[in-house]
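# Structural features, examined
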Amino acid sequence: MKVPIVSIRNKIVEIHEKLLDIDFGNNRTIVLPILLTGQMVGNPTTDKTHFNGCITAKLILVCVQCLKKFKEAFDISFEETYLPKNKNKVSMSEEKSIENLDIFVYHGDCIDTVKIVKDILLKAILPYPLCQKCRALDNS
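What this report covers is the structure whose coordinates are included nearby.

Parameters and conventions
Starting afresh in each chain, residues are numbered from 1 along the sequence in its written order. Residues qualify for local features only when their pLDDT is at least 70, as the model is predicted, and side-chain atom pairs are given and counted only at 80 or more; totals for whole chains, interfaces and linings, by contrast, use all residues. Side-chain numbers here rest on the full set of heavy atoms in the structure, without hydrogens or water. Numbered from the N terminus, helices here are DSSP runs of H or I no shorter than four residues, and strands are runs of E no shorter than two. Under this definition, polar contacts are N or O atom pairs within 3.5 Å; protein pairs additionally need one hydrogen-donor-capable and one acceptor-capable atom, and for neighbouring residues in sequence, both atoms have to be side-chain atoms. Two residues form a contact once any of their heavy atoms are found within 4.5 Å. We count a salt bridge whenever a side-chain nitrogen from Lys or Arg sits within 4 Å of a carboxyl oxygen from Asp or Glu. Relative accessibility thresholds used throughout: buried, under 20% of the residue-type maximum; exposed, over 50%; partly exposed, between the two (1.4 Å probe, protein chains only). We call a pair of cysteine sulfur atoms a disulfide whenever their separation is within 2.5 Å.

## Looking at the side chain of E72
Within the fold, E72 resides in strand β6 (residues 69–84). There is a polar contact of 2.7 Å between the side chain of E72 and the side chain of R135. Ignoring sequence-local partners within four residues, the contact set of E72 consists of A57, K58, L59, L61 and R135.

## What to know about the environment of Q65
Structurally, the position occupied by Q65 is in the loop between β5 (48–62) and β6. The sequence separation of Q65 and C131 amounts to 66 residues, and the corresponding C-alpha distance is 8.3 Å. Those residues in contact with Q65, other than ones at most four positions away along the chain, are L130, C134 and D138.

## As for the environment of I103
Considering the arrangement of structural elements, one finds I103 in strand β7 (residues 103–106). Residues I103 and T81 lie 22 residues apart in sequence; the distance between their C-alpha atoms is 4.7 Å.

## What to know about the pattern of salt bridges
Scanning all chains against the criterion turns up two salt bridges. R135 serves as the salt-bridge partner of E72, at 2.7 Å between the closest nitrogen and oxygen. Within this pair, whereas E72 is found in strand β6, its partner R135 is found in helix α3 (residues 132–139), the two being separated by 63 residues in sequence. A residue is classified by how much of its surface remains accessible, and R135, at 24% relative accessible area, is partly exposed. The residue D119 makes a salt bridge to K115 at a minimum N-O spacing of 2.8 Å. Taken together, the residues span about one helical turn, with D119 and K115 both in helix α2 (residues 113–124) at a distance of four residues.

## Regarding the state of the cysteines
According to the stated counting rule, one finds zero disulfides in the structure shown. Between C63, a free cysteine, and C134, which holds the nearest cysteine sulfur, the sulfur-to-sulfur gap is 3.6 Å. Judged by its relative accessible area of 0%, C63 falls in the buried class.

By themselves, these figures tell us nothing about what the structure is for.
Quick look at the structure:
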């Protein structure tokens, strides 16, 4: 879903989406629709848009040790701020600071919620996923 920035100015927009068609690449498959809920609110004086949300997902991953498929559930709460690309006045030093890790840039006149979900879930998936059995072996 693409949320037009003009619809967010000075008001809260409730987001409730079920997403099915997101390609996460090899060895990552969606089991159930991904649920995205939250609130977006824009500020016309600063051109910032804030998004407080939650992503609930279940994916099938492949264990890097035993190569078997397994289901992994994700329940991720997030809070992010979006600035338009042409109005991003964050300096390079500020951009790298820890306080601005939740500031992102959007392009055009819409914020793409599918891109947000994909980016957040890809960060949450471990680079070398392990099934429960292999995790237990690693911890013993």
